[in-house]
Every structure is written in C-alpha cells, then in structure tokens.
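Architecture and fold: a report
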Amino acid sequence: MNVFTEFKGKKYDQVSKVLDQLNLHYGAGTLRMAGEGKNQKWSMKREFLRPHYTTNWNDIIKVK
C-alpha cells in the first residue's frame with residue numbers, strides 16, 4: 001500500500017497494527033514490509049544539522 005492505493009478495508013489495518021505492536025515489543029525494524037528491502041542504500045545527510053535545531057531559536061536558519 002502507498003499514498004495512491006485505495007484503502008481496501010480493515011484487513012490491512014489489522015496487519016499494520018500487529019506489525020506495529022511486534023516492533024514496539026521487540027524493537028524498531030524487527031519486522032518490515034518486503035518492499036522495504038533488507039539493506040537500506042541511503043541515509044539522511046546530517047553534516048549541516050545543528051545540535052538544537054528544534055529547541056533553540058538561535059539555531060534556526062534565517063533566510064532573507
């Protein structure tokens with residue numbers, strides 16, 4: 001399922017809830033959908049991330 005897929009009932013909702021509960025109990029990423037793949041080939045670049053970018057007003061980038 002993705003954003004463009006029509007919702008097809010409670011069956012998918014129940015599967016998602018079970019996956020969420022198992023991942024909550026055993027740790028994030030324990031169970032994944034097959035479409036996610038085993039190895040992620042990308043990661044977010046964090047070289048420009050400020051340490052307190054959401055909690056300190058002085059760390060917010062100002063654009064003029």
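This report concerns the structure included in the present document. Every chain is numbered independently, its residues counted from 1 as its sequence is written. The model is predicted, so local features are restricted to residues of pLDDT at least 70 and side-chain atom pairs to those at 80 or more, both for listing and for counting; the totals for chains, interfaces and linings are taken over all residues. With hydrogens and water stripped out, all remaining heavy atoms of the structure feed into the side-chain values.

1. Some points on the overall build of the protein chain
Rules: Helix numbering and strand numbering both begin at the N terminus, where a helix is a DSSP run of H or I of at least 4 residues and a strand a DSSP run of E of at least 2. Working definition: with a 1.4 Å probe on protein chains only, accessible area under 20% of the residue-type maximum means buried, over 50% means exposed, and in between means partly exposed. Areas reported as accessible are Shrake-Rupley estimates using a 1.4 Å probe. Residue values count occlusion only from the protein chains shown.
A count of helices and strands for the protein chain gives one helix and zero strands. Relative to its 64 residues, the protein chain shows a buried fraction of 5%. Accessible surface, the protein chain as shown: approximately 7,100 Å² in total, 57% of it carbon and sulfur.

2. Regarding a nonpolar patch on the surface
Formally: Think of a patch as exposed residues, more than 30% relative accessible area, with no salt bridge, where like charges cluster within 9 Å and nonpolar side chains (Val, Leu, Ile, Met, Phe, Trp, Tyr) cluster within 5 Å. Salt bridge, as applied in this entry: a Lys or Arg side-chain nitrogen positioned within 4 Å of an Asp or Glu carboxyl oxygen.
Together, V18, L22, Y26 and L31 line one region of the surface with nonpolar side chains, adding up to about 360 Å² of accessible area. Its location among the elements puts L22 in helix α1 (residues 10–26). Under the relative-accessibility criterion, L22 is labelled partly exposed at 31%.

3. Overview of α1
The condition that has to hold: Each residue after the first adds 1.5 Å to the expected span of a helix.
Look at α1: 24 Å from first C-alpha to last across 17 residues, which is about the 24 Å you get at 1.5 Å a residue. Looking one or two residues beyond α1, the residue adopting positive phi is G27, at roughly 115°.

4. Observations concerning the side chain of N23
Selection rule: Two residues form a contact once any of their heavy atoms are found within 4.5 Å.
Topologically, N23 is positioned in helix α1. Residue classification places N23 among the buried residues on the basis of a relative accessible area of 17%. Not counting the four nearest positions on each side in its chain, N23 is found in contact with A28, G29, T30 and L31.

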